[in-house]
Each structure stands twice: as C-alpha cells, then as structure tokens.
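A look at the structure
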Amino acid sequence: MHNATSGGRRAPARGRGGLLAAGALGAVAVAVTAVLVVALPREDSTGGELPALADAHGIGLGVAVAVNPLVHDDDYQDVVTGNYTSVTAENTMKWQYVQPERYEFDWSGPDAVVGFAEHHGLDVRGHTLLWHNQQPAWLSEGSWTEAELLKVMREHMDALLGRYQGRITTWDVINEPLVDAGPRLRENLWYQVLGEDYIAQALTMAHEVDPDARLYVNEFGIEGAGDKADALYDLVTDLLDRGVPLHGIGFQGHFVHGSVPEDMADQMRRYSDLGLDVTVSELDVRLPEPPGPEQLEAQAHEYQRVVEACLDVPTCVNVTVWGVSDHHSWIPEWFPGYTAALPFDDSYRPKPALAGMVQALERRPAQRRPGHRP
Ligand code: XIL
C-alpha cells in the first residue's frame, strides 16, 4: 500500500505574509490548485497533492521509471515520490535485461526498482513477461520445440515472479498480443512455437507460480472502438469462458495529441462488466514539435479526460504515465518529430498536464473503491 507519510515529500514553503494572508492564500490555493501547480517555481515542483487525491479515490497513480536516474538523481526521485503512488519498470524487468543469457539473471535493476518502491511506500506493477520486443537473442533466435519453450517460459516465470512474490502483486503477463493495427493475433515467437493457445498457457503458468498475483493482458490501440478493440474483447471473453486465470486489462494509452478517444471509458467498462480490473498502463500524449502553450493546454485536457475515464469505470485501479519527465520519455527516439508527451518537462517542471490530472481527481467525487491499486 502507498504510505501517505513517506516519499520524501517537501512541506510547502511558507511566505512572510502573516496568518491572515496565509489563510486567505490557503483558500485561494484550494480554489485554484491546478493553476498554482502550473505556476509553482522549480523548487516546489514536487510535494504535489496527487498521491493524496488518488488515495481518496482508491486508485493508484503510477509512473514508469528508469534505473539509473532512480538511483542517482535526487530531482528525479522527488518527482516520483512526490506525485505518484506506484512505479513500473520501464525496461529493466523485460526479458532482455532479466535473463540476457540463458540461466544468467541480472537482478540489479529490478531489485533497485523494487527496493526504491518499498523504501518509499510505493506499489510496483510488474512489466512484462511475454512480448515480441526486447527479447534476448538466445531466446528469439533459438529453435525451440513446444516442450522446450514451455520449459524456458516456466524457468523465467519461476525466477522473476518467484523472486518478487508478495512484493510485486500485478504482472503484465502478455504484452501486445495483437498486430499493431487490426484484429489478428501477432505471430510472435510464442505463437509460432505454441500456437494461439500460448496466451492461455502463459496465464495458467503464471498463476501456478504466483497464485496471488493479478495477471494482465496489456495492449495498445484498444482505447477506442474498432476491430482491434473488439478482437481483444473476444480473446478475453474466450479466456474467461475457459476458466483461464486473467484478472485485468492494461490500456497502454500511448496517444498522439488529438487522438484520445471519446469512448475510452466505454471500452474499459466492457472489461469491468466482465469482472476484470482495468488500468491505463502507459499513458503519454505526444505533441508535434515544437509544442506551443496552446498545445500544452489542450494536452492537459487530454490527461484530465483519461483520468476521468478511469474514475468513471468501477474497476479501473490505476493510471500510470510512461516516464518521469519529457527528458526521459521514449517518444523523441521512437516517434521522430514528436515530443513533450509527459506531465513534467525536461527540467522537471510540472506542465499543465499535471494540473489536468489534479482537476480530474478534484472534480469527480472521491469514492474509495475496494481492492487492488497497482
Ligand atoms: C518502451 C520503452 O519506453 C523504451 O525505453 C524501450 O526502448 C522500448 O520499450 N509498449 C510497452 C512498453 O509495453 O514496454 C514500451 O516501452 C512502450 C510500448
């Protein structure tokens, strides 16, 4: 659970205006919190109210983290602990890094992330087990029989889920099972060797390894209506009909500015109606270069709408943004010509997007929901 007293949050700086002025200022601050968040100077960019607001709603607010700055950069740490209640390892728990050679495991990164989270009372989302990207060569280039590949899968799950059992309680077991655009299963290594049942096999296996973990399928391009969204829904209902252990759906939420769908809550609610948790697992909203103030304001509204969508869905448990600051975002490298996709800028200054998330949480009535938050 998130511990509201931990996390190195700083007390707000006090001015010299006397008690009356301080009281009046306080009232104004409550009324225009969002504006103040944007206007705060650099030193006060952390210590925000997001964690308490998220707590009041019973949802988690998460951020994807990279190991190096998480360990070495105080400002980076302050943004994480001051604004979020959970973390996802952006890369270091992926197969390529965890088991770079067969039977050679590197726990330095995952241990650093989990250790940091525990120290600061943050939850951890486990990301990810089966994915077509960021696999080590020995795995992706190996020639496997079904039995061998199932053994490889089991060994990896035993190692990774086993190591963090009880400490990481949510795992993206299946990542991006569908083709980029369209309603078909992606023909990844697992599909090629095991056939389409690899998804059920992997979920069943993960459940055997850690019966208490919440197991997710995580996907992009399913946030609004369309054949890909329907294909995932069909896949999920089939898995549930067959009794396969599946507990949640991650809506990645990598948006181009202007493309946040109106019906995102409807799409998420379909899974809620099936009894599944949902999470916005990798939120960012990328802007074409160079971003101007109007785009940043419009982006704030998009962040607000996404958080509102989560709050409107009874079993939406978490919204996680995909990176601590624009400086650390994957966007410029992966989507040339786009930038500024996150709630903090290159210098860790809060952007309007952060205020957008605050506004969503302030406007919707706080209603604690039971259950899981990461
Ligand atoms: C991305 C990371 O952000 C990059 O640093 C890395 O080079 C590639 O992967 N969907 C996912 C994430 O599930 O794991 C991806 O993360 C972004 C898309």
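Provided above is the structure to which this section pertains.
Residues numbered from 1 in each chain as written. Predicted model: local features only at pLDDT ≥ 70, side-chain atom pairs only at ≥ 80, totals over all residues. Heavy atoms only, no water.

In this section: the overall build of the chain. For the chain, the count of helices and strands is 16 helices and 10 strands. Taken over 374 residues, the chain has a buried fraction of 55%. For the chain, contacts bridging at least 24 residues in sequence account for 79% of all contacts bridging at least 6. Surface accessibility of the chain: about 15,500 Å² in total, with carbon and sulfur atoms responsible for 52%. (Helix = DSSP H or I, 4+ residues; strand = E, 2+ residues; numbered from the N terminus. Buried < 20%, exposed > 50% of the residue type's maximum accessible area, 1.4 Å probe, protein only. Contact = heavy atoms within 4.5 Å. Areas by Shrake-Rupley, 256 points an atom, 1.4 Å probe, with all protein chains shown as cover.)

We now examine the site of the ligand. Near the ligand you find 14 residues, and of these Glu-90, Lys-94, His-127, Asn-175 and Glu-282 are the closest. Here an oxygen atom of the ligand and a side-chain polar atom of Asn-91 are 3.0 Å apart. A distance of 2.7 Å separates an oxygen atom of the ligand from a polar side-chain atom of Glu-282. In this structure the site holding the ligand corresponds to the second largest pocket. When its residues are assigned to classes, the shell around the ligand shows four nonpolar, six polar and four charged. (Near = heavy atom within 4 Å. Polar contact = N/O pair within 3.5 Å; in protein donor to acceptor, adjacent residues only side chain to side chain. 1 Å grid on protein atoms, 1.4 Å probe; cavity = no way out; pocket = protein on both sides within 12 Å on 5 of 7 lines; lining within 4 Å. Sits in = over half its atoms within 2 Å of the grid points. Nonpolar A, V, L, I, M, F, W, Y, C, P; charged D, E, K, R; others polar.)

The side chains of a regular strand alternate between both faces of the sheet. When you tally the buried positions in strand 3 (residues 123-130), you get eight out of eight residues, the bulk of the element. Examined bridge by bridge, strand 2 (residues 86-89) and strand 3 share three bridges and lie parallel to one another. Opposite Ser-86, over in strand 3, you have Asp-123 as the bridge partner. Note: strand 3 against strand 4 (residues 170-175), four bridges, orientation parallel. If you follow Leu-130 over to strand 4, its bridge partner there is Ile-174. (Pairing = 2+ DSSP bridges.)

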